[in-house]
Amino acid sequence: RDRVCLELEYLNKSNTYITCFLNLFLYQHFVLMALDSGHGGKPNPSDKPYISHSYESCVATGDIDADGLVEVVIADGDRVVMLDGKTGSEKTIGNLPEDNFYIIQVVGESTKKNQAAVIIKNGEVGYGKWHYGEPVIGLNSKLEQVWEPKAIPGGGHHILAVDLNNDGRKEYLVGYCAVGLDGEVLWTVDSINPSLLDADEEHVDYTDIICKQNGEKLLAMAGSNKLYLVEKDGKTIFSVPGSHVQGSAIGHFRSDSEFQVALYNAPNGPMVLYDPSGKEIWSQPTPRKWPLGIPKCCESRRFHRNRPIVTLFGKEQDWIGFADGGWPWGMDGNGEITLEFQPPENSRQAEPEFPLLPEMRGDDIGYGFALQSLDIDNDGEKEAIIYNRKFLWAYKIG
């Protein structure tokens with residue numbers, strides 16, 4: 001596919017936790033690559049490695065304080081930082097009760113002082129009484145806490161803000177639950193029993209959403225041990241087990257049913273496609289491709305991206321975009337890799353300048369590439385966006 005001539009140099013930055021938070025967002029007419037500013041704005045030295053995981057979830061954008069402008073919020077240990085979206089200058093800093101909150105989202109709409117303009121949660125092992133992915137708290141537009149810390153079933157590694165009940169206002173989707181701006185759980189997926197849920201093994205890694213022609217929204221939840229297809233009120237259409245359901249993608253990958261749902265089992269596949277009733281269509285391996293050569297340090301290294309598959313939208317069909325190690329590619333509705341992207345020379349990944357422990361996952365230390373689907377040039381069509389810690393490349397899908 002044709003490559004858009006767009007390359008954005010990315011300056012790595014780190015804080016005292018040796019963590020970098022990178023995110024790629026499209027908001028109206030611009031793309032923002034936002035990073036934490038805990039290192040004085042200086043690039044992270046190449047001889048000082050850092051580990052990052054779930055970094056797409058650590059930054060969010062939207063009009064938080066109802067001033068008509070976009071702000072950026074960054075999860076930074078025991079604090080939240082709000083930046084001016086135009087200048088990058090700090091507007092507000094909020095303090096958090098612990099230092100393990102890093103999954104963040106904004107509603108992007110006008111809110112009352114007792115409503116959560118921002119919510120933020122832990123995404124790994126909890127402290128004290130809290131289980132994996134707990135707790136969640138809500139912050140108002142001044143970054144003041146308006147919810148007490150709470151456990152929400154299956155919280156996992158990402159939060160979405162979406163109008164789930166078609167009332168013109170967004171709610172938060174956290175784990176298996178829709179959550180109002182006041183922190184009340186509006187519904188929980190009906191096939192989930194919160195009292196029996198194993199937070200370590202049954203959390204939601206990501207949820208993909210499709211809006212049908214009649215306006216109905218369907219949610220494809222990658223729930224670690226199962227894939228769930230759920231209606232907007234929490235009613236389960238189907239669920240199917242998997243070895244480690246890390247990713248879901250819902251789209252029009254083939255023409256013999258209204259839509260299909262793809263499941264990716266981490267860390268090495270397979271990819272499985274289902275029809276709207278939950279009937280398996282096919283199961284295919286997911287090879288990692290390194291067209292410019294695989295770095296030696298990655299030959300036997302595990303990859304485990306937070307969001308390993310996405311829906312890539314074409315004019316006539318959609319593809320399942322894969323990015324869990326190696327250079328990304330797209331699989332069609334027949335289970336064949338028919339969408340490939342010419343890698344530019346500056347995407348070649350060099351050997352590290354420092355020794356790497358074998359336990360380190362490749363994507364956590366900067367190897368491999370991330371993939372998103374965004375209308376980066378505002379032409380009404382979404383492009384495939386591939387990026388790493390240094391560059392971003394945009395490809396027309398056609």
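Right, let's walk through the structure included here. (Residues numbered from 1 in each chain as written. Predicted model: local features only at pLDDT ≥ 70, side-chain atom pairs only at ≥ 80, totals over all residues. Heavy atoms only, no water.)

1. Notes on the overall build of the chain
For step 1, the next point in the chain: Check the secondary structure of the chain and you find zero helices and 28 strands.
For step 2, the next point in the chain: Across the chain, contacts joining residues at least 24 apart in sequence account for 51% of those joining residues at least 6 apart.
For step 3, the next point in the chain: Per element, the accessible surface of the chain, about 17,000 Å² overall, is 48% carbon and sulfur. (Helix = DSSP H or I, 4+ residues; strand = E, 2+ residues; numbered from the N terminus. Contact = heavy atoms within 4.5 Å. Areas by Shrake-Rupley, 256 points an atom, 1.4 Å probe, with all protein chains shown as cover.)

2. Details of the pairing of strand 19 (residues 260-265)
For step 1, the next point in the chain: Of all six residues making up strand 19, six are buried, and the element is well covered by its neighbours.
For step 2, the next point in the chain: Judged by which residues are buried, strand 19 turns out to be covered on both faces: Gln260, Ala262 and Tyr264 on one side and Val261, Leu263 and Asn265 on the other are all buried.
For step 3, the next point in the chain: As paired elements, strand 18 (residues 236-251) and strand 19 share six bridges and run antiparallel to each other. Among the inter-strand pairings, Gly247 is bridged to a residue of strand 19, identified as Tyr264.
For step 4, the next point in the chain: In this structure, strand 19 lies alongside strand 20 (residues 271-274), joined through four bridges in antiparallel fashion. When the sheet's bridge partners are listed, Tyr264 is paired in strand 20 with Met271.
For step 5, the next point in the chain: Here strand 19 folds back onto strand 20 in antiparallel fashion, the turn holding five residues, of which Gly269 has a positive phi close to 85°. (Buried < 20%, exposed > 50% of the residue type's maximum accessible area, 1.4 Å probe, protein only. Pairing = 2+ DSSP bridges.)

3. Examining the sheet that holds strand 11 (residues 159-162)
For step 1, the next point in the chain: Spatially, four strands are ordered 11-12-13-14 in an open sheet, and the strand pairing comes out antiparallel. A strand with exactly one partner marks an edge of an open sheet, and here the two such strands are strand 11 and strand 14 (185-188). Between one strand axis and the next, the sheet turns through 25° on average, direction left out of account.
For step 2, the next point in the chain: By the bridge criterion, four bridges tie strand 11 to strand 12 (residues 171-174) in an arrangement that is antiparallel. Bridge pairing in strand 12 places Val162 opposite Glu171. (Axes fitted to C-alpha atoms, helices over the stretch in contact; angles between N-to-C directions.)

4. Section: unusual backbone geometry
In most cases, non-glycine residues show a negative phi, while peptide bonds are predominantly trans.
For step 1, the next point in the chain: For the bond from Ala266 to Pro267, the omega torsion is 5°, close enough to zero to count as cis.
For step 2, the next point in the chain: The topology assignment puts Pro267 in the loop between strand 19 and strand 20.
For step 3, the next point in the chain: With an omega of 10°, the peptide bond running from Gly269 to Pro270 counts as cis.
For step 4, the next point in the chain: By the element assignment, Pro270 lies in the loop between strand 19 and strand 20.
For step 5, the next point in the chain: Unlike most non-glycine residues, Ala66 shows phi in positive territory, near 60°.
For step 6, the next point in the chain: The backbone of Asn378 sits at a positive phi, close to 60°, despite the residue not being glycine.
For step 7, the next point in the chain: Its location among the elements puts Asn378 in the loop between strand 26 (370-374) and strand 27 (383-387).

5. A look at the packing of aromatic side chains
For step 1, the next point in the chain: A full pass over the atoms with the stated rule returns 11 aromatic pairs.
For step 2, the next point in the chain: When the ring of Phe322 is compared with that of Trp329, the centres are 4.6 Å apart and the planes differ by 20°; the resulting orientation is stacked. Both residues of the pair, Phe322 and Trp329, belong to the buried class.
For step 3, the next point in the chain: Aromatic pair Phe391 and Trp393: ring centres 6.0 Å apart, planes at 35°, arrangement tilted.
For step 4, the next point in the chain: Lying across the ring of Trp147, Lys150 places its NZ or CZ 5.3 Å from the centre. (Phe/Tyr/Trp six-rings, centres within 6.5 Å; stacked < 30°, edge-to-face > 60°. Lys NZ or Arg CZ within 6 Å of the ring centre and 35° of its normal.)

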